[in-house]
Amino acid sequence: MARAQILQAILIWVLLLILLSLTVGASFLPLGRMNPVVSMGIALIKASLIFWFYMQLKKERGLVRLAALGAGAWLLILFLLVSSDVVTRGSF
Amino acid sequence: MTQGSPVHEPYTEASQQHEANMLGMFIFLGTEIMLFGGLFAAIMVYRIEHREQLIEASKRLYLWIGTANTVILLTSSLLVALAVQASRAGSRRVGATLLVASACMGVGFLGLKGIEYAKEWQEGLLPLTGVRHAFSGPVQELFMGLYLAATGLHAVHLTIGIALMVGLSWRVGRGSLRLPQKALTVELCGLYWHLVDIIWIFLFPALYLVR
């Protein structure tokens, strides 16, 4: 096993734990409506680190990266359409 | 990459075969993401409609158990990432040990989750039939229903992951899964494990950190 790769994996793990403590800490701050933005933003960063380094997307080419991110694009459509319905309901 | 693995029909080169393997796995993982996506959409709608009551319901969950479980899963992902590197390097014993260690962390996660469910069951917060309920209102009941469905579905996935890791570890340890030629098998199972971890990374703030 290459030493540099092991160190990199451990470094990512430390970063993930730091992000976890940040997100738990931020949940005690009075962020109000910004709370889900902060907590989901940190979750997105954690997921990106895992996708990029642990799941080795950095070593893959365009097609595999596209397949990995594809579900995210569909989810975005799901969330956008559902939330636009819920938010505007009753106001027309 | 798939160094040393033989190229099968219909592929002409190893890189093409590797790409096809990865593409298939990531598309499967995409279907898993969509499966959980529906649950996340439901959580989002509740949050928009009943923000105040949802915050109260979320505060009743055991934040420390959720946080400890997140640490466990993040660490297990590190072990799996190292196991994949060990498999590529052909270190059988290290690979098998790391795989079984990650399976043990998965079992630890399920154990803690079980304790958490037991506590909530005693408090009457699990929406199961034949149980005394003590919900503060319909919103908490709906929230706990989503919580049970989402974490339960995640636990099922984790159980599959544990079985995969134990099976892999057994085959790697015995030498029936030859390394580094078959490192791809470890790699693909590793991708599944990481995805189960990622789903928890989103479930944790969506359920436990609603403030």
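Computed from a prediction, not measured in an experiment: that's the story for all the values here.

J.: Which parts of the structure should I look at to understand the packing of aromatic side chains?
T.: Two numbers describe a pair of aromatic rings. These are the distance of the centres and the angle of the planes. All names here are of chain B. Overall, the coordinates contain seven aromatic pairs over all chains when judged by the stated rule. With a centroid separation of 6.2 Å and 80 degrees between ring planes, the pair formed by Y117 and Y147 is classed as edge-to-face. Of the two residues, Y117 is situated in helix α4 (residues 92-122) and Y147 in helix α5 (residues 138-174); the sequence distance between them amounts to 30 residues. Y147 matches Y117 in its accessibility class, with the two residues each being buried. Among the aromatic residues, those joined into a ring-pair cluster are F109, Y117, Y147, W200, F204 and Y208. Of note, K113 hangs over the ring of Y117, and the distance from its end group to the ring centre comes to 5.2 Å.

J.: Which parts of the structure should I look at to understand the packing of helix α3 (residues 62-88) of chain A against helix α1 (residues 14-49) of chain B?
T.: Helix packing geometry: the angle between the two helix axes and the distance between the axes. For the pair α3 of chain A and α1 of chain B, interaxial distance at closest approach is 8 Å and the crossing angle is 15 degrees. Our classification of the angle between α3 of chain A and α1 of chain B gives roughly parallel. As α3 of chain A runs across α1 of chain B, the sense of the crossing is right-handed. For the contact of α3 of chain A with α1 of chain B, the class distribution of residues is 23 nonpolar, four polar and two charged.

J.: In this structure, what is going on with α5 of chain B? I would like to understand it.
T.: Working note: α-helix, 3.6 residues per turn, so residues spaced by three or four point in the same direction. When the terminal C-alpha atoms of α5 of chain B are compared, their 54 Å separation across 37 residues agrees well with the 54 Å that a helix rising 1.5 Å per residue should span. In the segment just after α5 of chain B, G175 of chain B is the residue with positive phi, at about 90 degrees.

J.: So what exactly am I meant to see when it comes to the interface of chain B and chain A here?
T.: Many analyses report the size of an interface as the accessible area lost when the parts associate. With 50 residues of chain B at the contact, the number on the chain A side is 45 residues. Note on chain B versus chain A: buried area summed over both sides is about 4,200 Å², and carbon and sulfur give 77% of it. Taken as a group, E19, F26 and Q85 of chain B account for 14% of the area that chain B buries against chain A, more than any other trio of residues on that side. The interface formed by chain B and chain A includes one salt bridge. Notably, a salt bridge pairs R61 of chain A with E19 of chain B, separated by 3.4 Å at the nearest N-O pair. Across the chain B-chain A interface, the total number found is four residue pairs in polar contact (both at pLDDT 80 or more).

J.: Sorry, what's going on with the pattern of salt bridges here?
T.: For side chains bearing opposite charge, pairing can occur when the charged atoms are close. All names here are of chain B. All chains considered together, the criterion is met by six salt bridges over all chains. The partner of E116 in a salt bridge is K113, with the nearest N and O atoms 2.7 Å apart. Pair noted here: E116 and K113 are both in helix α4, with a separation of three residues, about one helical turn.

J.: It is not clear to me how the UniProt feature "transmembrane region" (unreviewed entry) in chain A should be interpreted in this structure. Could you clarify?
T.: Residues and elements named next belong to chain A. According to UniProt, the positions carrying the feature "transmembrane region" (unreviewed entry) are residues 35-55 and 62-82. Overall, residues 35-55 shows 95% helix and 0% strand. The separation of its end C-alpha atoms is 28 Å. Span residues 62-82 is 100% helix and 0% strand, its end C-alpha atoms 30 Å apart.

J.: Looking at this model, I keep getting lost on the environment of L66 of chain A. Mind explaining?
T.: Residue and element names in this part refer to chain A. Mapping L66 onto the fold places it in helix α3. According to the relative accessible area criterion, L66 is exposed, its value standing at 61%. Sequence spacing of L66 and I50 is 16 residues, and the spatial spacing of their C-alpha atoms is 16 Å.

J.: Teacher, can you tell me more about the UniProt feature "domain: Heme-copper oxidase subunit III family profile" (unreviewed entry) in chain B here?
T.: In the numbering used here, UniProt assigns the "domain: Heme-copper oxidase subunit III family profile" (unreviewed entry) feature to residues 23-211 of chain B. Secondary structure across residues 23-211 of chain B divides into 83% helix and 0% strand, with the first and last C-alpha atoms of the span separated by 38 Å.

Definitions and limits used
Residues numbered from 1 in each chain as written. Chains lettered and ligands numbered in written order. Predicted model: local features only at pLDDT ≥ 70, side-chain atom pairs only at ≥ 80, totals over all residues. Heavy atoms only, no water. Phe/Tyr/Trp six-rings, centres within 6.5 Å; stacked < 30°, edge-to-face > 60°. Helix = DSSP H or I, 4+ residues; strand = E, 2+ residues; numbered from the N terminus. Buried < 20%, exposed > 50% of the residue type's maximum accessible area, 1.4 Å probe, protein only. Lys NZ or Arg CZ within 6 Å of the ring centre and 35° of its normal. Axes fitted to C-alpha atoms, helices over the stretch in contact; angles between N-to-C directions. Parallel < 35°, antiparallel > 145°, perpendicular 65-115°, else oblique. Left-handed = near helix turned anticlockwise from the far one by under 90°. Nonpolar A, V, L, I, M, F, W, Y, C, P; charged D, E, K, R; others polar. Expected span 1.5 Å × (residues − 1). Contact = heavy atoms within 4.5 Å. Buried area = accessible area lost by both parts, 1.4 Å probe. Salt bridge = Lys/Arg side-chain N within 4 Å of Asp/Glu carboxyl O. Polar contact = N/O pair within 3.5 Å; in protein donor to acceptor, adjacent residues only side chain to side chain. UniProt positions renumbered as here; feature names shortened; annotations may be inferred.

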